[in-house]
Amino acid sequence: MKELQNKITIITGSGSGIGRETALLFAEKGAIVVVNDVDETKGEETVDMIHNHGNEAYFIQADVTDAISTEKMVSAVIEKYGKIDVLFNNAGISNVGPLHNIEEHDWDNIVDVNIKGVFLTSKYVLPHMMKRQVGSIINMSSCVAEMGLSERTAYAATKGAVLSMTKSMQVDYAPDNIKVNALLPGTIYTPFVEGYLSKSSDPDAAINKVKQRQLSGELGKPEDVANAALFLASDQSKFIMGSPLYIDGGVVFGKNA
Ligand SMILES: NC(=O)c1ccc[n+]([C@@H]2O[C@H](COP(=O)([O-])OP(=O)(O)OC[C@H]3O[C@@H](n4cnc5c(N)ncnc54)[C@H](O)[C@@H]3O)[C@@H](O)[C@H]2O)c1
């Protein structure tokens with residue numbers, strides 16, 4: 001028996017990076033994966049990859065900042081499968097720069113995607129989990145929720161909010177047998193990180209500098225986070241509630257001399 005056999009799973013932002021890797025892993029472990037992304041081409045690519053492995057998935061395009069499209073996505077899943085077992089609120093964007101250089105619309109945008117996206121998707125999924133008295137919600141935070149990092153004020157604000165939301169959500173939905181936990185990755189090599197490193201004047205030096213932050217001396221890989229998400233999605237984590245799970249090569253609790 002596979003860990004996620006027949007579990008209906010929504011993974012937001014799974015057209016790329018960590019979300020895509022998790023979608024592939026969950027499908028391999030028996031889940032039926034609803035691949036969500038705002039980008040249709042990338043989302044369909046993830047579905048093709050899952051189908052090529054002989055597993056089940058389908059794509060729903062939705063912008064997690066939009067209540068109407070998010071509600072429609074959830075309704076479509078319920079109409080097709082009648083239940084939702086796992087929600088991975090993974091979609092997110094970054095913002096790099098000191099506070100005084102952040103434009104108001106960039107602030108609003110990151111708050112919308114990274115916080116409101118978690119709120120809206122959870123809002124529409126939760127009643128279906130409550131009805132069946134079972135479910136697992138995994139919220140994507142980041143280790144910047146727990147530590148200061150240069151030029152990340154906007155991003156850290158959103159990921160701190162997601163961690164706080166996780167804890168309060170857990171209290172509210174524990175009586176419904178719904179787990180709500182958070183993932184706190186360190187630097188994971190995905191298009192998200194590639195994007196901001198490539199803007200540096202010396203990308204190789206920038207990547208080497210980031211590597212030094214980890215006790216491992218390496219960046220994380222999307223599969224490192226996908227494995228942690230699998231654990232939180234599965235019944236093996238049934239006594240883990242409202243918790244942050246760090247996947248960060250020791251960045252938060254270790255110190256590189
Ligand atoms: N990569 C890292 O180092 C790292 C570290 C900590 C946390 N995270 C978090 O992990 C998550 C995934 O990051 P990644 O590195 O895989 O990024 P990524 O850019 O590779 O993938 C993010 C995906 O989210 C989608 N997306 C963006 N806005 C959306 C919206 N409004 N609605 C639906 N989909 C949307 C994008 O199209 C993209 O496919 C993010 O929440 C990010 O903050 C990443």
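Structure's up top.
So, a few notes on the structure that sits alongside this text. (Residues numbered from 1 in each chain as written. Predicted model: local features only at pLDDT ≥ 70, side-chain atom pairs only at ≥ 80, totals over all residues. Heavy atoms only, no water.)

Side note on helix α4 (residues 104-132)
Under the convention used in this document: Secondary structure elements follow DSSP: runs of H or I no shorter than four residues count as helices, runs of E no shorter than two count as strands, and numbering proceeds from the N terminus. Working rule for helices: expected span equals 1.5 Å times residues minus one. Given a residue, its bend is the angle between the two axes fitted to the seven residues that end at it and to the seven that start from it.
Here α4 is 29 residues long and its end C-alpha atoms lie 41 Å apart, about the 42 Å a rise of 1.5 Å per residue gives. The sharpest bend along α4 reaches about 40° and sits at K116. Trailing α4 by a residue or two, Q133 shows a phi angle of about 55°, which is positive.

Side note on the pattern of salt bridges
Heads up, the condition is: Counted as salt bridges are all cases of a side-chain nitrogen of Lys or Arg within 4 Å of a carboxyl oxygen of Asp or Glu.
Going through the model one piece at a time under the given rule, you end up with four salt bridges. Across the pair E45 and R20 runs a salt bridge whose closest N-O atoms are separated by 3.0 Å. Here E45 is found in helix α2 (residues 40-52), whereas its partner R20 is found in helix α1 (residues 17-28), with 25 residues between them in sequence. One salt bridge in this structure joins K83 and D85, with 2.9 Å as the shortest N-O distance.

Observations concerning unusual backbone geometry
One non-glycine residue with positive phi stands out, namely Q133, at about 55°. One can find Q133 in the loop between α4 and β5 (135-140). With phi around 60°, E151 is a residue other than glycine that occupies positive phi space. Mapping E151 onto the fold places it in the loop between β5 and α5 (153-173).

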